[in-house]
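Per-entry structural report
Residues per chain, in single letters:
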Amino acid sequence: GQNIDQPTEMTATEGAIVQINCTYQTSGFNGLFWYQQHAGEAPTFLSYNVLDGLEEKGRFSSFLSRSKGYSYLLLKELQMKDSASYLCAGEPNSGYSTLTFGKGTMLLVSP
Amino acid sequence: DAGITQSPRHKVTETGTPVTLRCHQTENHRYMYWYRQDPGHGLRLIHYSYGVKDTDKGEVSDGYSVSRSKTEDFLLTLESATSSQTSVYFCAISEGGEGGDYNEQFFGPGTRLTVL
């Protein structure tokens, strides 16, 4: 199958910057999504990249390198409410109707 | 927020019983999806629909069936529930990425199913 890999857990301090990485098979995917999921809640959309480069949205930015099969989500000025799971999801080349999700990275922000 | 609801939100049932979960949307989106989410596995696609009466299997479809008789409703049925189907089930909708737009999916609140 088409794998998407991301770290299981990360910890960071309030006010700091954290980068969550995601790697995938370059032949399998078109665009990359990032979702945020708080405990007990549904995933919510954060960002989408289909072109190489950095997309910035306030405190959150997402980067994509299609040739390297690599993406990251950058969170700046961390707040306690950023403690959540962050899901990387690939849009398969075979069609644009489904997504393949990584297992998610649980981020814990401490005071 | 996308208008998407799931029912029931919580269910406890016994092994061998049939279970049907309902997803309802008010957005008139073409695509609807059923996922399950388990610790250590992330979100995995069970089935999806690309229109009324048009469905296809996902990664973990064994033991599940779906039906879509109206644009707004997508039903997931466990014909004979097993303990391995204890999970949190999420429905999602999207417009499908046609016309050059990306295929953002919007998720329902989830259904927590426990099979004893």
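As shown above, the structure is provided for reference.
Rules behind the numbers
Residues numbered from 1 in each chain as written. Chains lettered and ligands numbered in written order. Predicted model: local features only at pLDDT ≥ 70, side-chain atom pairs only at ≥ 80, totals over all residues. Heavy atoms only, no water. Helix = DSSP H or I, 4+ residues; strand = E, 2+ residues; numbered from the N terminus. Rg over C-alpha atoms; globule rule 2.2 N^0.38 Å. Buried < 20%, exposed > 50% of the residue type's maximum accessible area, 1.4 Å probe, protein only. Contact = heavy atoms within 4.5 Å. Areas by Shrake-Rupley, 256 points an atom, 1.4 Å probe, with all protein chains shown as cover. Lys, Arg positive; Asp, Glu negative; His and termini not counted. Charge placed at Lys NZ, Arg CZ, Asp CG, Glu CD. Buried area = accessible area lost by both parts, 1.4 Å probe. Salt bridge = Lys/Arg side-chain N within 4 Å of Asp/Glu carboxyl O. Polar contact = N/O pair within 3.5 Å; in protein donor to acceptor, adjacent residues only side chain to side chain. Nonpolar A, V, L, I, M, F, W, Y, C, P; charged D, E, K, R; others polar.

Notes on the overall build of chain B
Helix and strand content of chain B: zero helices and eleven strands. For chain B, the N- to C-terminal ordering of α and β elements is β-β-β-β-β-β-β-β-β-β-β. For 116 residues, the compact-globule estimate of 2.2 N^0.38 gives 13 Å, and the C-alpha radius of gyration of chain B, at 14 Å, lies within 12% of that figure. With the C-alpha coordinates of chain B rotated into their principal frame, the extents come out at 45 × 30 × 25 Å. Going through the 116 residues of chain B one by one, you find that 48% of them count as buried. A fraction of 57% describes how many contacts in chain B between residues 6 or more apart in sequence connect residues 24 or more apart. As displayed, chain B offers around 5600 Å² of accessible surface, 46% of which is attributable to carbon and sulfur atoms. Distance from the positive charge centre (11 side chains) to the negative charge centre (15 side chains) of chain B: 6 Å.

Observations regarding the interface of chain B and chain A
Listed per partner, the contact involves 20 residues of chain B and 17 residues of chain A. For the pair chain B and chain A, the summed buried surface comes to about 1500 Å²; carbon and sulfur atoms form 60% of the total. At the junction of chain B and chain A, the tally comes to zero salt bridges. The interface formed by chain B and chain A includes three residue pairs in polar contact (both at pLDDT 80 or more). Breaking the side of chain B that touches chain A down by element, the ones donating at least two residues are strand 4 (31-38) and strand 5 (42-51) of chain B. Tallied by class, residues from the side of chain B that touches chain A come to ten nonpolar, nine polar and one charged.

Treat this as a map of the structure, not an account of what it does.
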